[in-house]
Amino acid sequence: MTMPLSIPTLDQLDPSEAWAPWQPTAGAPWNRKWAAHLYRRAAFGPSRADLIEAERLGPQGTLDLLLGGRPNAEDMTATLVDVGDVAAAADDNGEQIRGWWLYAMLHSGHPLREKLTLFWHDHFATSLDKVQSPPLMFRQNSLLRSHALGRFEPLLQAISRDAAMMIWLDASRNLKGKPNENYARELMELFSLGVGHYNEQDVREAARAFTGWRPDEAGGFAFDPRLHDEGTKSILGQTGRWDGGDVIRIVLEQPAAARFLVRKLYRFLVNEQAVPPDALLEPLCASFRTTSYDIAALVRTILASRHFYSAHAFRQRIKGPVEYVLGAVRLVYGSYGEEEADYRPLPQRALVARLNAMGQCLFAPPNVKGWPGGPSWLNTSTMLERSNFAGALAMGLLGADSPGGSNVAPEGRDRSDLRQSGFPVDTSEDPVPPLAFDPARLLEDEGLSRPEEIVSTLLDLYVPGGVRPALQARLTAFVADGAPTGQALSRRVREAVHAILTTAEYQLA
Amino acid sequence: MWNRRQFLTRTLKGASLVALNAIVPQFVSRTAQAAAADKDTILVVLEMAGGNDGLNTVVPYADDLYHKARPTLRQVEKRVIRLDDHVGLHPGLRGLQSMWDQGQLAVVQGVGYPNPQRSHFESMDIWQSADPRRTLKTGWLGRATTEFDHNSGGVPILHLGTASLPLALAGAAGGGAVTVNQANPFRLELGGGKVEQHKARRELLEALATAPSEASEGDLVSFVQRRQLQTLTAVEQLRELLDGPNAVPRQGSGLSQRLQLIAGLIAKGFGTRIFYVSLGGFDTHAAQGPAHETLLDDLSNAVGAFFRTLKANGHDHRVRLLTFSEFGRRVKENDSRGTDHGAGSCLFVAGPSVKGGVVGKHPSLADLDEGDLKFHTDFRSVYATLLDDWLGCDSKAVLGATWNPLKELERRS
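Residue positions are given per chain, counted from 1 along the sequence in the order it is written. A letter from A marks each chain and a number from 1 marks each ligand, given out in the order of writing. Residue-level local features of this predicted model are given only where pLDDT is at least 70; pairs of side-chain atoms are given and counted only at 80 or more, and the full residue set underlies all totals for whole chains, interfaces and linings.

Describing the overall build of chain B
At step 1: Labels follow the DSSP assignment, with helices taken as runs of H or I lasting at least four residues and strands as runs of E lasting at least two, numbered in each case from the N terminus. If you tally the helices and strands in chain B, you get 12 helices and 12 strands.
At step 2: In chain B, which comprises 413 residues, the share counted as buried stands at 56%. Each residue is classed by its C-beta neighbour count within 10 Å, where at least 20 other C-beta atoms makes it buried, 12 or fewer makes it exposed, and intermediate counts make it partly exposed; the C-beta atoms are placed from backbone geometry.

Below is the structure:
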C-alpha cells in the first residue's frame, strides 16, 4: 500500500499513540467524512438522518450510541428473535432466515451488534448446505448475536457446543478410539490460533479430547461419557485427561490467540490491505488478554482511536456485498424507518437474491474459512451484479420483477420480456418510484435545482470525504446535459445516483 | 510499435474514455475472428475442491493393504474400471471409460509437493500459486497468460462459477480473468428508457471507471476502477456470445452445463485459451461412499459429454482438460466411514491429444508419510509440461524454475 509521503508507514507509528483516543481539532474536525467512516465500519453505513445526528453527537457520542444501541434495541431484538424462531421453523431453504437477518440489520436498533454477528458468522463459518436445518442455523445466529460483544472464551465454548457447528464439523463422528479431526483442526487453524501455532499432534490429541460431544435430538448439546476418550492427552505442551472445554482453555492460554483474533478484527474494522507489524497490534493484544478477551472493549478501543480516524483506515477496505447493498439501501431510501408516513417494506427476497449473485449468500459461506473478502469480492460477474443492483435501486425498480416483492406498480410492463430481449432495451419510461424509495426526493428535501449543487449534495451524502475531481465534473455535466427540469431532472438524479453507487469511492468501506 | 498484448493491457488499465470507445467494437470482432486462427490450443482446468480422495479415485484394487486400510470404503476388483493389473478407476468414473478406451485419458499418480500442508486453504493456495513458500500473490494460470500470445481480445481466462476469483487466475494479462456466473444474465441492466438515455448512462459509467486517479496503481481506488472498467468491457466482449440472438445456449449452472457453455464458446471461435471451473464437495470426512460416487459420476459424465460436444464441432483435438485437488486423503479410513486430510494424490489429463495411460507408479501403501501417501511427481512438473508443450509458453517464467517435463503428457507427435 502506497501512502502519500506525509503519512507515516505502519512501522513508523508509535503503537500507544496510534490506539489513544482521537480528539478532533480545528484542523482535523469531526465531520461527515468521519461520521460516515465510523458508520461504514461499525454498522452498515449511515442514512442521511444518521449523518445529521452524528454531526451533532460528536465521535464519542456516536460511538456510544453504536456500541450501546438505540434505547429500544433490547426489546426490538428480543421481539425479532421470537419472530425469527417462527420464520426459521417454516423455512425450507434458508430464504426466510436470510431475509430475517437483513431486516434485523436494518431495524434492530443495534447495527453494530449485527455487524459483529456477521463478523462472527464469517469467523465461525457454518453452512446451511451441510447443516440442512434453518432452525439450527438460526439458533447459531442467535448465539453469535448474544455473544457478539461479550467475551471470546464463553463464545468459543458456546459455539463448540452449538448443534449446527457440531453437525458442520462432524462432532458426532468423533468417537473414543475413532477420532475425527475436523473440529479440532479448524478450532486451532481458523477459530483461535492460525496455522503455525500448533502441530499435527496437537490436532490429533485435541480431537480425542472432544470425543463424546454431540448434538442432542432437540438441537442442544449432549455429552456422552461412553464415547469420550478418558485417556491422557498432550495438547500445546499441557498434559492431562483433557476434555473439549479444557482444549479451549488451553488454546486461549496461548499468546498467539489474542494476536490471531486482533489481527482479524483489525482487518474487519480498520484496514484489510496492510499487514500491520506485531508491535502495532501488541497494545490491543495485551489489553485483550488482560480483559479476558472482552470483545466490546477491544472494539471500542479500535473505533475510538487515532489510527482508526486516519488515512490508514479511511477507505482501506472493499465493501462486502451486505455492506454494499444495505449501505445503498439506507442512503437511497432517505431516513428509512417504519414510522415514516410513506414507508414501504423492502423487497427482502429481491435483496437476498442480489446478495447471492454478488457472492455473499448468508448462512452459506463457501467453506469453513468464510468469505475470502477484500479484492476477491470483485470479479466481472459480481461487479456487474453490483452495478445492476445499484441501477434497480436508484431507479426504484428493485424487486419489481420478484414475485411478492414488488414496490412499484408494474402495470403495463412485463419485466420478463425485458430480460428475454437483447441489449439495449428501448421501452417506455420507468415508472416514478414511491417517495420512500426515490433518491430524487433530495431535490425537494434540500430545495436543489442547479446541477453543481445537486451533484455536490449527492456526493456529500453518498461518498462523504470526496471523490476524484474528474468524477464530480463528469457527473455535473451529466446532470446538466439538456437542462432537464421536473420529472426529467428527477430521473437524471436517479441515474446519477446509480452511477455514484458504482464508483470506486463508493465501493470502499 | 506495441504488440497487441501491450496495447490491450494499456487500454484496459484505462487512461482515456476515447480509447475505450474505440477499442470496444474491435474487441468484439477480434473475439469473433479468433475462429479463423482455430489452431490455438486450449486448457480447461477443473478444480476438485475439498481434497479428493485420490486413493478411491485411482484404486489399487490388487493391493491387500488397500483393502485393509479401507474396510468400508474399498472398491473391489469387480467394481472398478480396470486400468492395469494393479489399479482401476472408481466405478463412479464410468463417464470417462470411453476416453480411457480410446487412449485419451492420462492418469497421473503420486502427485504432490514436499512438506505437504493439510489445511485446505494453505494447500489450495499452493497448488494455485504453484508456490509452496506462499510468497506469490498471483496464480500459475494468470502468469501464463502474460507469457503467450493469444487471440482472446480482453478475456485471457474465462472463469465460470459463482465463487470469487480463484488464486490460480490472479495476475492474468490485460484486465485479468473474467468471471461469468451462469445463473445470471451477463448484461448491464439499465431499466427502461430510450436508447440514447442508456447510451448516456453507459458512457457515464465508463467515464467514472476511467477517471484518472492521483493515487498509485496499488491503491484500492485504482483496483476497483480497473475491475469496473474490465467488467464493462467484458460485458461488451461477451454480449454477442452470451446474450445476443445467436448466443450460446445456457441451461442451468451445474458442472456439465458450464463445460457445455465452454464447448459452445470454443465452437463459436471464442479466442480464450484458458478456462476454469470448480466442483466442490470432496471434503468427505464422513459417510464418504455415496457422496464421493455421486461427485465422480457428475464429473466423469460432464467431462465425457464435454469432449463429445467438442468432437462433434471438430475442436476436441485442441482442447485438454486437467483436474486437480488440493490434497488426497489419509490412507486409513476413519471411523465415520470417511477419510481425513492427507497428502499425495492423482490427477487426470484428458483429451484426444493425450497419450492415454497410467503415468507413474501408484505410491506404495507400505511406505507412508505419517499415514499419507508419498508423492513422487511434483505437481509443478505437470504444470511445466502443459505450459511448455501444450500452451507453448515458457514454464520457467511462469513457475520460477525449470521442472522436468512428464514425457508421457507431451503431445502425440
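Let's pick the thread back up.
A word on the pairing of strand β1 (residues 42–48) of chain B
Residue and element names in this part refer to chain B.
At step 1: With seven of seven residues buried, β1 is to be regarded as a mostly interior element.
At step 2: Going residue by residue along β1, you find I42, V44, L46 and M48 tucked away on one face and L43, V45 and E47 tucked away on the opposite face as well.
At step 3: At least two DSSP bridges between two strands are needed for those strands to be called paired. Relative to strand β9 (residues 319–325), β1 runs parallel, the two being bridged by seven bridges. Opposite L46, over in β9, you have T323 as the bridge partner.
At step 4: With six bridges joining them, β1 and strand β8 (residues 274–279) adopt parallel strand pairing. For V44, the partnering residue across the bridge sits in β8 and is F275.

As for the interface of chain A and chain B
At step 1: In this assembly, 59 residues from chain A lie in contact with 57 residues from chain B.
At step 2: Taken together, the elements giving at least two residues each to the side of chain A that touches chain B come down to α11 (182–192), α19 (380–394), α23 (469–480), α24 (486–502) and α25 (504–507) of chain A.
At step 3: Three residue categories are used. Nonpolar comprises Ala, Val, Leu, Ile, Met, Phe, Trp, Tyr, Cys and Pro, charged comprises Asp, Glu, Lys and Arg, and polar comprises the others, including Gly. A per-class count over the side of chain A that touches chain B returns 23 nonpolar, 20 polar and 16 charged. Residues are treated as contacting if the C-beta atoms built from their backbones sit within 7 Å of each other.

Here's the deal with the nonpolar core
At step 1: By definition, a nonpolar core groups buried Ala, Val, Leu, Ile, Met, Phe, Trp, Tyr and Cys residues that connect through C-beta atoms lying within 7 Å of each other. Membership of the largest hydrophobic core comes to 278 residues, with the highest contact counts inside it found for A206, A496 and I500 of chain A.
At step 2: Of the residues forming this core, the biggest block, 11 residues, is contributed by helix α8 (residues 220–242) of chain B.
At step 3: Excluding anything up to four places from it in sequence, A496 of chain A contacts V455, L458, L475, F478 and V479 of chain A.

Examining the sheet that holds strand β2 (residues 58–59) of chain B
Residues and elements named next belong to chain B.
At step 1: Taken in spatial order, the three strands of this open sheet run β2-β4-β3, and their pairing is antiparallel. Two strands bound the open sheet, and with one partner strand each, they are β2 and β3 (81–82).
At step 2: Where β2 and strand β4 (residues 88–89) come together, two bridges link them in antiparallel fashion. Residue V59 lies in a different strand from β4, and its bridge partner there is G88.

What to know about the domain arrangement of chain A
Residue and element names in this part refer to chain A.
At step 1: Each domain of chain A was delimited in the assignment, giving domain 1 (10–150 + 254–311), domain 2 (152–249) and domain 3 (321–359 + 379–404 + 431–507).
At step 2: Spacing between the C-alpha centres of domain 1 and domain 3 amounts to 25 Å.
At step 3: Of the residues lining the interface, 18 residues belong to domain 1; the matching set on domain 3 comes to 17 residues.
At step 4: Of all the secondary structure elements, the ones that give two or more residues to the side of domain 1 that touches domain 3 are α2 (32–42), α3 (48–68) and α5 (95–107).
At step 5: Sorting elements by how many residues they give to the side of domain 1 that touches domain 3 places α5 first, with seven residues. An automatic or database domain assignment provides the domain bounds reported here.

Regarding the confidence of the model for chain A
At step 1: Mean pLDDT over chain A: 91, with 92% of residues reaching 70 or higher.
At step 2: pLDDT is a per-residue confidence score from the predictor, ranging from 0 to 100. Counted against residues more than four places away or in other chains, residues 401–426 of chain A, with its pLDDT under 50, gives 44 contacts.

Comments concerning the pairing of strand β10 (residues 345–350) of chain B
All names here are of chain B.
At step 1: Counted residue by residue, β10 has six buried out of six residues, so it is predominantly covered.
At step 2: On β10, burial covers both faces: S345, L347 and V349 on one face and C346, F348 and A350 on the other are all buried.
At step 3: Here strand β5 (residues 105–112) runs beside β10; their pairing, made up of five bridges, is antiparallel. Along β10, the bridge assignment pairs A106 with V349.
At step 4: With two bridges connecting them, β9 and β10 associate as antiparallel partners.

Looking at the confidence of the model for chain B
Residue and element names in this part refer to chain B.
At step 1: With 88% of its residues at a pLDDT of at least 70, chain B reaches an overall mean of 87.
At step 2: Ignoring residues within four places in sequence, the model shows residues 1–37, a span with pLDDT below 50, making 53 contacts including any to other chains.
At step 3: At the level of chain-chain contacts, confidence expressed as ipTM amounts to 0.90, with global pTM at 0.86.

With respect to unusual backbone geometry
Residue and element names in this part refer to chain A.
At step 1: At L236, a residue that is not glycine, the phi angle is positive and equals roughly 50°.
At step 2: Positionally, L236 belongs in the loop between β3 (233–235) and β4 (238–240).
At step 3: Judged by the 19 C-beta atoms lying within 10 Å of it, L236 falls in the partly exposed class.
At step 4: Phi is positive for R315, which is not a glycine, with a value near 55°.
At step 5: Within the secondary structure, R315 sits in the loop between α16 (295–304) and α17 (321–332).
At step 6: Residue classification places R315 among the buried residues on the basis of 23 C-beta atoms within 10 Å.

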